[in-house]
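Given next are the chains, with one letter for each unit.
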Amino acid sequence: LMQSVPREARGFLQRLKEKAAIFDAEDLIENILQTGDDQEVEDLLKWAYAEADLLLRENRATVTELTERLISGASTIGDCVSVVEEW
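Cut-offs used in this document
Residue positions within a chain follow its written sequence, with the count starting from 1. Local features in this predicted model are restricted to residues of pLDDT 70 or higher, and side-chain atom pairs are both shown and tallied only at a pLDDT of 80 or more, whereas totals for entire chains, interfaces and linings draw on every residue. To get the side-chain values, all heavy atoms of the structure are used, and hydrogens and water are removed first. A carboxyl oxygen of Asp or Glu within 4 Å of a side-chain nitrogen of Lys or Arg is what we treat as a salt bridge. Put simply, DSSP H or I for four residues or longer makes a helix, DSSP E for two residues or longer makes a strand, and each gets a number counted from the N terminus. Lines fitted to the C-alpha atoms define the axes, with helices restricted to the stretch that makes contact. Angles between their N-to-C directions range from 0 to 180 degrees. Relative orientations are named as follows: roughly parallel for angles under 35 degrees, roughly antiparallel for angles over 145 degrees, roughly perpendicular for angles from 65 to 115 degrees, and oblique for any other angle. Throughout, a residue-residue contact means that at least one pair of heavy atoms, one from each residue, lies within 4.5 Å. Under the convention adopted here, Pro, Cys and the residues Ala, Val, Leu, Ile, Met, Phe, Trp and Tyr are nonpolar, Asp, Glu, Lys and Arg are charged, and Gly plus all remaining residues are polar. Confidence of the prediction at every residue is given by pLDDT, a number between 0 and 100. Here the term patch refers to residues with relative accessible area over 30% and no salt bridge, with like charges joined within 9 Å and nonpolar side chains (Val, Leu, Ile, Met, Phe, Trp, Tyr) within 5 Å. Each accessible area value is a Shrake-Rupley result obtained with a 1.4 Å probe; residue values ignore everything except the protein chains displayed when judging cover. Charge convention: Lys and Arg are scored as positive, Asp and Glu as negative, and His as well as the terminal groups of each chain are ignored. By convention, the point assigned to a charge is CZ for Arg, NZ for Lys, CD for Glu and CG for Asp.

A. Expanded view of the pattern of salt bridges. By the definition in use, this model includes two salt bridges. Arg57 is paired through a salt bridge with Asp53; the nearest N and O atoms lie 2.8 Å apart. Of the two residues, Arg57 and Asp53 both sit in helix α3 (residues 38–58), four residues apart, roughly one turn of that helix. With a closest N to O distance of 2.7 Å, Glu65 and Arg69 form a salt bridge. Here Glu65 and its partner Arg69 are both found in helix α4 (residues 60–72), four residues apart, which amounts to about one turn of the helix.

B. Fine view of the packing of α4 against helix α5 (residues 77–84). Across the interface, α4 lies against α5 with an axial gap of 9 Å and an inter-helix angle of 170°. Classified by the angle their axes make, α4 and α5 are roughly antiparallel. Between α4, through Thr62, Glu65, Leu66, Arg69 and Leu70, and α5, the contact on the second element is made entirely by Asp79, Cys80, Ser82, Val83 and Val84. In terms of residue class, the contact of α4 with α5 is made up of five nonpolar, two polar and three charged.

C. Focus on the confidence of the model for the chain. For the chain, mean pLDDT is 81; residues scoring 70 or higher make up 89% of the total. Taken element by element, the predicted model of the chain shows its lowest mean pLDDT in helix α2 (residues 26–33) (74) and its highest in α4 (94).

D. Focus on the packing of helix α1 (residues 9–19) against α3. Where α1 contacts α3, the two axes come as close as 10 Å, and the packing angle between them is 100°. By the angle class used here, α1 and α3 are roughly perpendicular. Contacts between α1 and α3 involve Ala9, Arg10 and Leu13 on the former and, on the latter, Asp38, Val41, Glu42 and Leu45. Of the residues that constitute the contact of α1 with α3, the class distribution is four nonpolar, no polar and three charged.

E. Just a negative patch on the surface, in detail. A surface patch of negative charge is lined by Asp24, Glu26, Asp27 and Glu30. Here Glu26 shows up in helix α2.

As structure tokens, then:
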């Protein structure tokens, strides 16, 4: 799976803004990102990164199993879904 780098968060937000029109989600993205100043955005990005990191750590076994199945190339979508749903 992909590993995140906190300093890339701003670039991700910019790409998200650019792609929002494709999914007709421009208003949603603007509402989420309309925090006012750069420090608030920076704090929000740090919080989001910390939450994602926590989720990955708490679900390490599931993430590892899913990663192994994806890398093997032999698993079906159903196999991967069953790992996520912990069947």
